[in-house]
Amino acid sequence: MYPLIEKFQEIFGYQKSLFSYFSPGRVNLIGEHIDYNGGLVFPAAIHLGTYGVFSLREDTLFRFFSMNFSNEGLITVSLEDLDYRKEHGWANYVKGIILEFKNRGFQLNCGFDLLIYGTLPTASGLSSSASIELLISYAINELFQLKLSRQYLALLSQHVENHYMGMHCGIMDQLVIAEGKKNRALLMNTATLEINDVPARFSGYEWVIMNTNYPRKTTDSKYNERRHECHLGLKIVQKHYPVHYLCDLTSTQLEQIKHTFLNETIYRRVRHAVTEQERTLASKNAMEKQDACAFAKLLDLSHESLKTDYEVTGFHLDTLVEAAKSIGAIGARVTGAGFGGCAIALVPEEKVKDFSYLVGQIYQEKTGLKADFYFVTFENGVHAI
Ligand code: GLA
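Residues numbered from 1 in each chain as written. Predicted model: local features only at pLDDT ≥ 70, side-chain atom pairs only at ≥ 80, totals over all residues. Heavy atoms only, no water.

Concerning the layout of surface pockets
The following threshold applies: Of the two site types, the cavity is a set of points on a 1 Å grid over the protein atoms alone where a 1.4 Å probe fits but cannot get out, and the pocket is an open set with protein on both sides within 12 Å along at least five of seven lines, each lined by residues with an atom within 4 Å of a point. Grid points are joined across faces, edges and corners, and a volume is the space filled by probe spheres set on the points. Think of it this way: any DSSP run of H or I at least four residues long counts as a helix, any run of E at least two long counts as a strand, and we number them from the N terminus. Ten residue types, Ala, Val, Leu, Ile, Met, Phe, Trp, Tyr, Cys and Pro, are classed as nonpolar, four, Asp, Glu, Lys and Arg, as charged, and the remainder, Gly among them, as polar.
The space that makes up the largest pocket amounts to roughly 1,100 Å³. Along the walls of the largest pocket sit 47 residues, with Tyr93, Ala123, Ser128, Ser129 and Arg216 positioned nearest its centre. A total of four residues in the lining of the largest pocket trace back to one element, the largest contributor, which is helix H3 (residues 128-143). Grouping the constituent residues of the lining of the largest pocket by class yields 19 nonpolar, 18 polar and 10 charged. Here the second largest pocket defines a volume of roughly 160 Å³. Residue composition of the lining of the second largest pocket, grouped by class: five nonpolar, five polar and four charged.

Thoughts on the sheet that holds strand E10 (residues 331-334)
How we decide: At least two DSSP bridges between two strands are required for those strands to pair. Helix axes use the C-alpha atoms of the stretch in contact, all axes being lines fitted to C-alpha atoms, and the angles between their N-to-C directions lie in the range 0 to 180 degrees. Any two residues having at least one pair of non-hydrogen atoms within 4.5 Å are treated as being in contact.
Taken together, four strands build an open sheet; the order of strands is E10-E11-E9-E12 and the sheet is antiparallel. Of all strands in the sheet, those bounded by a partner on one side alone are E10 and strand E12 (372-374). Direction aside, the axes of adjacent strands within the sheet are offset by 25° on average. Where E10 meets strand E11 (residues 342-348), four bridges bridge the pair, whose relative direction is antiparallel. Pairing of Ala332 across the sheet is with Ala345, part of E11. Strands in contact with helix H9 (residues 292-308) are strand E9 (205-211), E10 and E11; relative to E10, the strand with the most contacts, it is inclined by about 35°. Against the sheet, helix H11 (residues 349-367) engages E9, E11 and E12, with an angle of about 140° to E11.

A closer look at the sheet that holds strand E2 (residues 40-41)
A sheet is described by the order of its strands in space; here three strands give the open sequence E2-E7-E8, paired in antiparallel fashion. Either end of the sheet is taken by a strand with one partner, and the two such strands are E2 and strand E8 (194-199). With six bridges joining them, strand E7 (residues 184-189) and E8 adopt antiparallel strand pairing. Across the sheet, residue Leu187 finds its bridge partner in E8, namely Asn196.

With respect to the packing of helix H10 (residues 315-326) against H11
The condition that has to hold: Angles are sorted into four bins: roughly parallel if under 35 degrees, roughly antiparallel if over 145, roughly perpendicular if 65 to 115, and oblique for all others. Each crossing is labelled by how the near helix is turned from the far one, with a counterclockwise turn of less than a right angle marking it left-handed and a clockwise turn marking it right-handed.
The contact between H10 and H11 brings their axes to 9 Å, and the two run at 140°. When the axis of H10 is compared with that of H11, the two are oblique. Note on packing geometry: the crossing formed by H10 with H11 is right-handed. Contact residues: H10 offers Phe315, His316, Thr319, Leu320, Ala323, Ala324 and Ser326, while H11 offers Phe355, Val359, Ile362, Tyr363, Lys366 and Thr367.

Details of the site of the ligand
Quick reminder of the rule: The criterion for a residue being near a molecule or strand is simple. One of its heavy atoms has to lie within 4 Å of it. Any pair of N or O atoms that falls within 3.5 Å is considered a polar contact. Within protein, one atom must be able to donate a hydrogen and the other to accept it, and sequence-neighbouring residues count only if both atoms are side-chain atoms. Exposure was quantified through the Shrake-Rupley algorithm and a 1.4 Å probe, taking into account, for residues, occlusion by the shown protein chains and nothing else. More than half of a molecule's atoms within 2 Å of the grid points is what it takes for that molecule to sit in a cavity or pocket.
The full set of residues close to the ligand is Arg26, Glu32, His33, Asp35, Tyr36, Cys169, Gly170, Met172, Asp173, Tyr223, Gly336 and Ala337. Here Glu32 contributes a side-chain N or O atom positioned 2.5 Å from an oxygen atom of the ligand. Here Tyr223 contributes a side-chain N or O atom positioned 2.6 Å from an oxygen atom of the ligand. Expressed as a share of its isolated accessible area of 310 Å², the protein-covered part of the ligand is 95%. Of all the cavities here, the one that holds the ligand is the largest pocket.

Things to note about unusual backbone geometry
Heads up, the condition is: Residue burial is assigned from relative accessible area. The probe radius is 1.4 Å, only protein chains are included, and a residue is buried under 20% of its type maximum, exposed over 50%, and partly exposed in between.
Here Ser127, not a glycine, exhibits a phi torsion of approximately 70°, which is positive. Within the secondary structure, Ser127 is located in the loop between strand E6 (112-118) and H3. On the basis of relative accessibility, which here comes to 8%, the residue Ser127 falls in the buried class. Phi at Leu193 is positive, roughly 65°, even though this residue is not glycine. With respect to the secondary-structure elements, Leu193 resides in the loop between E7 and E8. A relative accessible area of 17% means that Leu193 is categorised as buried.

Comments concerning the packing of aromatic side chains
To keep it simple, the criterion reads: Classification of ring pairs rests on two measures: the distance between centres of Phe, Tyr or Trp rings, Trp counted by its six-membered ring, which must be within 6.5 Å, and the angle between planes, read as stacked under 30 degrees, edge-to-face over 60 and tilted in between. Whether a charge sits over a ring comes down to the Lys NZ or Arg CZ being within 6 Å of the ring centre and within 35 degrees of the ring normal.
This model, assessed by the stated rule, comprises 20 aromatic pairs. Where Phe64 meets Trp90, the ring centres are 6.4 Å apart and the plane angle is 65°; that geometry is what we call edge-to-face. Within this pair, whereas Phe64 is found in strand E4 (residues 61-66), its partner Trp90 is found in the loop between strand E5 (75-78) and helix H2 (91-103), the two being separated by 26 residues in sequence. Given the relative accessible area of 9%, Trp90 is considered buried. Through successive ring pairs, a cluster of aromatic residues spans Tyr21, Phe54, Phe62, Phe64, Trp90, Phe112 and Tyr138. Sitting over the face of the ring of Phe378, Arg201 holds its NZ or CZ atom 4.7 Å from the ring centroid.

Re the side chain of Thr190
Locating Thr190 in the fold gives a position in the loop between E7 and E8. A distance of 3.5 Å separates a polar atom in the side chain of Thr190 from the backbone oxygen of Asp35. For Thr190, the contacting residues outside a window of four places in its chain are Ile34, Asp35, Gly38, Gly39, Val41 and Ile171.

Structural notes on the packing of helix H4 (residues 150-163) against helix H5 (residues 172-179)
Orientation of H4 relative to H5, taken along the N-to-C sense of each, is 150°, at an axis distance of 8 Å. By crossing handedness, the relation of H4 to H5 is classed as right-handed. Of H5, the residues touching H4 (which contributes Arg150, Gln151, Ala154, Ser157, Gln158 and Glu161) are Gln174, Leu175, Ala178 and Glu179. Of the residues contributing to the contact of H4 with H5, the split by class is three nonpolar, four polar and three charged.

Put into structure tokens, the structure is as follows:
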């Protein structure tokens, strides 16, 4: 934290009464694109994330500085003008959260100065945006002693992502970043928000995150399109079954109404949601039995479904996943929204040493891009430091 405190002083010119927080990123082991279909998901909070140093002000101004975007300089806004502005880039996440607290009637009687430093690669599927949202909502809750629950903060942050940023995400990222547990992954029922934390390591294997470094340009619009397709699919399903969510359906039930789908794409989107739910349920059993091979098989099937039925992987992710498998990963899949970004692999310990080098080489030969690799630990949710 020391360099951040020094930097705070350099930017803001003082270092009295500082409050520091850390908000993790997340990796999703399995259960992809079903948190907006009432499904079961299996993410963990990770040690990469966003640090924030805050100091309350005496007026109602807010000043933000990000060490990751230092070329954008100091951004100053007031409590009276927090509307979204394209030119404010990353700071819109901060403004959106503050505005949402204000809109909900919470009395923020002063502004703050904020220094931010993130260790997550941005726009790579490890939830850098939810990490910053939770950093701000958690800090506001603490600094203004609002006594709101972690679940409330997660829902508020999701609301901002949906309505202020325009990304119609589910609740997975915000909830795991709020509720993460050290050395555990969270099995989260996104219909009820019930959470079970479970140890998520297989003895003899490592989780490795692999970044395609392929820029995700149109992710938000593609993501919203998938969400809409699921909505259309649900309308068809509901003509036949009294379900609330796509993930309430079984694949046998879906098979019986297959012929009623006039649009084949919508059918495939629904099939992904339904089968991914079944895979996540099966992965819970595999984890409980410490059956790494069974879990790995589910990872592979999940990737295949996201590739062919949901169409969110693409050349770079597929190439990286195939390279990982050819070098000895027993299972691998895209993690997060897809369309570029990151994948995860379950790698036998004895293969880990050369894994990044060998996979990186194949990937670079085939795509011309350099992949990055992260060996992550699973961590607690957002907290003071
Ligand atoms: C993004 C969204 C999440 C979830 C994943 C896909 O990370 O923010 O809500 O839908 O994609 O599983």
